[in-house]
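Tertiary structure, described
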Amino acid sequence: MTQLRPAKEADRELLRNMFNLMHAELAPFTRELHSMDERGYFEPAAADAYLAGEDCARAHVILEEGRIAGIVAMTAAPYAKPGCDYCLQEVYVLPHMRGQGVASAACQALLNAFPGRWCCIALTNNVRGLKFCQDVLIAQGRLITSGRLDDESAFFEFEVGI
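Computed from a prediction, not measured in an experiment: that's the story for all the values here.

**Some points on the sheet that holds strand β1 (residues 2-6)**
- Strand order in the open sheet formed by seven strands is β1-β2-β3-β4-β5-β7-β6, and the pairing between neighbours is mixed. Looking at the sheet topology across the chains shown, the edges are occupied by β1 and β6 (142-148). When strand polarity is set aside, the average angle formed by the axes of neighbouring strands in this sheet is 25°.
- The sheet contact formed by β6 and strand β7 (residues 153-160) spans six bridges and is antiparallel. Bridged to L143 within β7 is F158.
- Of the strands in this sheet, β4 (86-93), β5 (116-123), β6 and β7 are in contact with helix α4 (residues 127-140), which crosses β7 at around 10°.

**A short note on the nonpolar core**
- Grouped together as the largest cluster of nonpolar side chains are 30 residues, with contacts concentrated most on I62, L88, L110, W118, L137 and F158.
- Among the elements of the structure, β3 (67-76), β4, α3 (102-113), β5, α4 and β7 are those that each provide at least two residues to this core.
- In terms of nonpolar packing, the next biggest core, distinct from the first, is built from 23 residues, M18, F42, L51 and V61 among them.

**Concerning α4**
- End to end, α4 covers 20 Å across 14 residues, agreeing with the expected 20 Å (1.5 Å per residue, within 8%).
- Along α4, the sharpest kink reaches roughly 30°, centred on C133.
- Three or more residues of α4 are buried, namely G129, L130, F132, C133, V136, L137 and I138.
- In the core, the buried residues of α4 are packed alongside β4, α3, β5, β6 and β7.

**Notes on empty space enclosed by the protein**
- Tallied over the full model, the rule gives one cavity of 30 Å³ or more.
- Considering only enclosed or pocket space, the largest cavity measures out at about 30 Å³ in volume.
- Lining the largest cavity are R16, F19, N20, H23, Y41, E43, P44 and A47.
- Counting residues per element, the ones that place at least two in the lining of the largest cavity are α1 (12-26) and α2 (44-49).
- It is α1 that provides the largest number of residues to the lining of the largest cavity, a total of four residues.

Here is what the cut-offs are and how they apply
- Residues numbered from 1 in each chain as written.
- Predicted model: local features only at pLDDT ≥ 70, side-chain atom pairs only at ≥ 80, totals over all residues.
- Heavy atoms only, no water.
- Pairing = 2+ DSSP bridges.
- Helix = DSSP H or I, 4+ residues; strand = E, 2+ residues; numbered from the N terminus.
- Axes fitted to C-alpha atoms, helices over the stretch in contact; angles between N-to-C directions.
- Contact = heavy atoms within 4.5 Å.
- Core = buried A, V, L, I, M, F, W, Y, C linked by side-chain atoms within 4.5 Å.
- Buried < 20%, exposed > 50% of the residue type's maximum accessible area, 1.4 Å probe, protein only.
- Expected span 1.5 Å × (residues − 1).
- Bend = angle between axes of the 7 residues up to and from the residue.
- 1 Å grid on protein atoms, 1.4 Å probe; cavity = no way out; pocket = protein on both sides within 12 Å on 5 of 7 lines; lining within 4 Å.
- Points joined across faces, edges and corners; volume = space filled by probe spheres on them.

What follows is the structure, given as structure tokens:
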């Protein structure tokens, strides 16, 4: 059974590692992730932003049968796309746990906990990420609009529970 638990300060290193694994997989699809720091992180501060204690940026640890399976992170205004209440920022499931509905169940739980207008942004060259947005996330709600955000990203806006 898939569960979410809010990330807390004790999860800082876990989040940094999960973000780094995710960024390593996303690096081929974007110019933003082409260098690491001296410790081997693409963006070490990315995880820290979700632990700053602000309600507008939240990360959750995904648990599957009690084992850590990944992370999901969201933002709210002022960090969400204008016109949206929330933005699904990051979804990462460990490779050996993919294809079992873990990401779908985690996102469903998150979206249901925060009804409103959501956006999801995916890298256009990340076919798997785009398919997830189209097939899984939009199925959770009602698609409002979609399109290109910039030369590397597409966006999807949808409503959940309204």
